[in-house]
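Results of the structural survey
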Amino acid sequence: MQQSENLSSDSSSSKRLSVEARRQQIEASSSRPSIESTTNPAVFIYCRVSDNKSVISDLSLPDQERQARARAAENGWTVLKTFIEPGLSAKTADRPQFQRMIAEALDSSKPVQKIIVHSISRFARNVADYNRVTNQLYENGVEVVSLTQQFSNDTGGFIAENTTAVFDEYHSRRTSTDVTRTMTAMAKEGYAVGGVQSLGYKLQPDELNPRRKRVVVDENERPLAAKILHLALYGNGDGPALGIKAIVNYLNNAGYRTRSGAPFSTNYIHSMLTNPIYMGRKLYNQNAKAKRWTPVAAEIVEIPVPPIITPDEFAELQKLLRSKNPRKGTAKTVSSPLLLSGLVHCECGSTMTLRTGTGRSGAIYRYYHCSRVAKQGRHTCNGATVPEQQLDDFVVEAVIANVLVPDRLRGILDSMNEKIEVAGRRGEERANEIRVELETSERAYRNLLAAVASSESLGSEPILLGKLAELERDLTRHRNGLKVLMASGGNDVSITEQQINWFSNLIIKRLRQSNRASMKSYLAAVVARVEVGSGEISIVGRLSDLKGEITREANINVGLGSENAVRRYKRNWCTRQDSNL
């Protein structure tokens, strides 16, 4: 009775296959890849270490390969290829050699039947990646063989293999957590935590704890880094502040190169100009995010480093970059009817815009008013509201009286020349030091290159190759530093008494004319910022740009420049330390 029930159940649940269908099923079964039945299987060997120190020591990788080849020879397996992955973690499957090996193993020609690894942790430290890839390989007739672990092909083996993979991933996560905690503690103490340093900086052993390093300014690269920042802030002395593309073109056309000897790119310069390290703040864990199984993101730590520019200059640089955003632009500033449009700011840092009011007599009154107050209300700022004509007249007359009169202009330029002479002497001293360092690096590079060329075995020695790469970076750094110092010296142009008087009379005359658009272009040529406080008004500029403007106008006067040249509206003429007003 029971047998008839089973037969009835079988016949009702599935239909008997035809003879032809059963024949095809048998043929498919016989042609299906069988890992066990292959008599002389071909194999790949995969070796990996995640620690750079292991790569340099060159011990673990050769030992993994030696043991794998011994296992292959012992079992009569043919080794087709060896894939070596130096210095990469197995937390992700995104490894170049690993991806190449898997792609070849899954090829439709079925070139191999086995992949030999030292342990499954060498293959993957992520359970999801391990199961996904090993299942793909098994479907293609490829088995992953561990030298140090054996798993039976049954339910017990399934549990043991997956448990081992889980503990490998746990070990990786635990190590990552411990390393992050240790490096965060190091960062809190002001120590460097590794990584490639930004242009202008290097790592130096700490005086009290030589095993730890601190980030210091690289005097060989400082001139180039400072030059790039100066170009972005103040231009090259012949125009306004340069944009990112203009800086890239300037540097590449002048022959400057990165540490690796490559041309500069817009991404490189943008990353540099937005990096707070140049104002003395290096952020560790800045981009850390909370992940699954680690719900709390790593703590962001600020590491103090020597600055190359001041925080105020860095903040001004960020404003400049934002103002050059194509979505914002400066067209409104140029076309605005306000004389001080784009120049005048409230003490809170916001720009001041036009505000109008109508009196009882119907007269219209025009004021400079804080834009933050206009948008957010008086509770955000107590900035003053100043009549337009009153502030315009004050700024124009203050610039004339304190900057543009010949005696004051002459005093400003004399002070600037003294500073240029001092900086020139320091630059020449530093240039001589760099020449000596460059000569030493060139000699060491030639000697090491000759040693490598003399022996074929040395040509693949990791330590020597690393030293050659380090010397190449040193050579590039020294050459860039020397190029900057040589370019900054000898370019100063002397200004005669006649040029000073001529420029003074010209600008004063044009600032007092009735054409507001013309007044605006000449005022913006020598003024960078007007700040209106509750009790004072500050007018700021930069000395070097004032001198460049005098030279430019003098060249036009003698026929060396073009009067139709487009006027720039971003100029500066005061020093960092003090105002000229």
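Preceding this section is the structure that the text describes.
Now for a quick tour of the structure. (Residues numbered from 1 in each chain as written. Predicted model: local features only at pLDDT ≥ 70, side-chain atom pairs only at ≥ 80, totals over all residues. Heavy atoms only, no water.)

Quick word on the packing of aromatic side chains
Aromatic ring pairs are defined here through the distance separating the ring centres and the angle between the ring planes. Threshold: Any pair of Phe, Tyr and Trp rings, taking the six-membered ring for Trp, is counted once the centres come within 6.5 Å. Such a pair is stacked with planes under 30 degrees apart, edge-to-face with planes over 60 apart, and tilted for the rest. Per-residue accessibility, obtained with a 1.4 Å probe over protein chains only, is compared with the maximum for each type, and a residue is labelled buried under 20%, exposed over 50%, and partly exposed between these values.
The tally for this structure, following the rule as stated, stands at six aromatic pairs. Seen from their ring centres, F123 and Y130 are 6.0 Å apart, and the 90° between their planes marks the pair as edge-to-face. What makes F123 buried here is its relative accessible area of 0%. By way of ring pairs, the aromatic residues Y46, F98, F123 and Y130 are connected into one cluster.

Some words on the pairing of strand β3 (residues 114-117)
Counted only if it meets this: Strands here mean DSSP runs of E at least two residues long; helices mean DSSP runs of H or I at least four residues long; both are numbered from the N terminus. Two strands are said to pair when DSSP picks up at least two bridges between them.
Of the two faces of β3, the one lined by K114 and I116 and the one lined by I115 and V117 are each fully buried. As judged from the three bridges shared by strand β1 (residues 42-49) and β3, these two strands associate in the parallel manner. Following the sheet pairing, V43 is matched in β3 by K114. As defined by bridge partners, β3 adjoins strand β4 (residues 143-146) across four bridges and the pair is classed as parallel. Following the sheet pairing, K114 is matched in β4 by E143.

A few points about the pattern of salt bridges
Spelled out, the test is: By definition, a salt bridge exists where a carboxyl oxygen of Asp or Glu is found within 4 Å of a side-chain nitrogen of Lys or Arg.
According to the stated counting rule, one finds 16 salt bridges in the structure shown. For E65, the salt bridge identified is with R69, shortest N-O distance 3.2 Å. Of this pair, E65 and R69 are both found in helix α4 (residues 60-75), four residues apart, which corresponds to roughly one turn of the helix. Between R100 and E104 there is a salt bridge, with the nearest N and O atoms lying 3.4 Å from each other. Residue R100 and its partner E104 are located together in helix α5 (residues 96-105), separated by four residues, close to a single helical turn. Since its relative accessible area comes to 41%, R100 is described here as partly exposed.

Quick word on the sheet that holds β1
Using the following cut-off: The convention used is that axes are lines fitted to C-alpha atoms, helices contributing only their stretch in contact, and that angles between N-to-C directions extend from 0 to 180 degrees. The contact criterion used is simple: two residues touch if any of their non-hydrogen atoms lie within 4.5 Å.
Taking strand neighbours across the sheet as the criterion, the four strands line up as β2-β1-β3-β4 in an open arrangement whose pairing is parallel. At either end of the open sheet lies a strand with only one pairing partner, and these are β2 (78-86) and β4. Neighbour to neighbour, the strand axes of the sheet diverge by 25° on average, direction disregarded. Inspection of the sheet shows β1 paired to β2 by eight bridges, in the parallel sense. Note that in β2 the partner of I45 across the bridge is T82. Together, β1, β2, β3 and β4 form the strand contacts of α4, whose direction differs from that of β1 by roughly 160°. Contacts from α5 reach β1, β2 and β3, with the element oriented near 155° to β2.

Considerations on the sheet that holds strand β11 (residues 364-370)
Ordered by their spatial adjacency, three strands build an open sheet running β10-β11-β12, and the pairing between neighbours is antiparallel. Of all strands in the sheet, those bounded by a partner on one side alone are β10 (352-358) and β12 (386-387). Here seven bridges tie β10 to β11, and the two strands are oriented antiparallel to one another. Paired with T353 across the strands is H369, a residue of β11.

Points about the nonpolar core
Stated precisely, the cut-off is as follows: Take the buried residues of types Ala, Val, Leu, Ile, Met, Phe, Trp, Tyr and Cys, join any two whose side-chain atoms come within 4.5 Å, and each joined set is a nonpolar core.
Counting 41 residues, the largest nonpolar core has I228, I247, I269, L273 and Y278 as its most contacted members. If you list the elements that add at least two residues to this core, you get α8 (155-188), β6 (213-217), α9 (222-234), α10 (244-253), α11 (266-273), β8 (301-304) and α12 (311-323). Of all the elements, α9 adds the most residues to this core, at eight residues. Ignoring anything within four residues of it in the chain, the contact list for I269 reads I228, I244, I247, V248, L251 and F264. Counting residues in each nonpolar core, the second largest holds 38 residues, with L391, I412, I508 and V530 among its members.

As for helix α7 (residues 127-139)
So the rule is basically this: The span you would expect from a helix comes to 1.5 Å times its residue count less one. Here a polar contact is taken to be a pair of N or O atoms separated by no more than 3.5 Å, where protein atoms must pair a possible hydrogen donor with a possible acceptor and residues adjacent in sequence count only if both atoms sit in side chains.
Here α7 contains 13 residues, and its C-alpha end-to-end distance of 18 Å stays within 8% of the 18 Å for a straight helix at 1.5 Å per residue. Looking at where α7 begins, the residue whose side-chain oxygen comes 3.0 Å from the main-chain nitrogen of A128 is N126. Note on α7: the residue one or two positions beyond its end, G141, has a positive phi of about 80°.

Structural notes on α4
Residues spaced three or four apart along an α-helix face the same direction, because each turn holds 3.6 residues. Put simply, the rule is: Summarising the geometry, the arc corresponds to the directions from the helix axis toward the C-beta atoms.
Helix length check: α4, at 16 residues, gives a terminal C-alpha distance of 23 Å against a target of 22 Å (1.5 Å per residue), a fit within 8%. Turning to α4, its buried residues number three or more, namely L61, Q64, E65, A68 and A72. Here the buried residues of α4 occupy an arc of 95° about the axis, which is enough to place them on one side. Away from the buried face of α4 by more than 90 degrees, exposed residues R66, A73 and E74 are located. Looking one or two places after α4, you find G76, whose phi comes out positive at around 75°.

What is shown is where atoms sit, not what they do.
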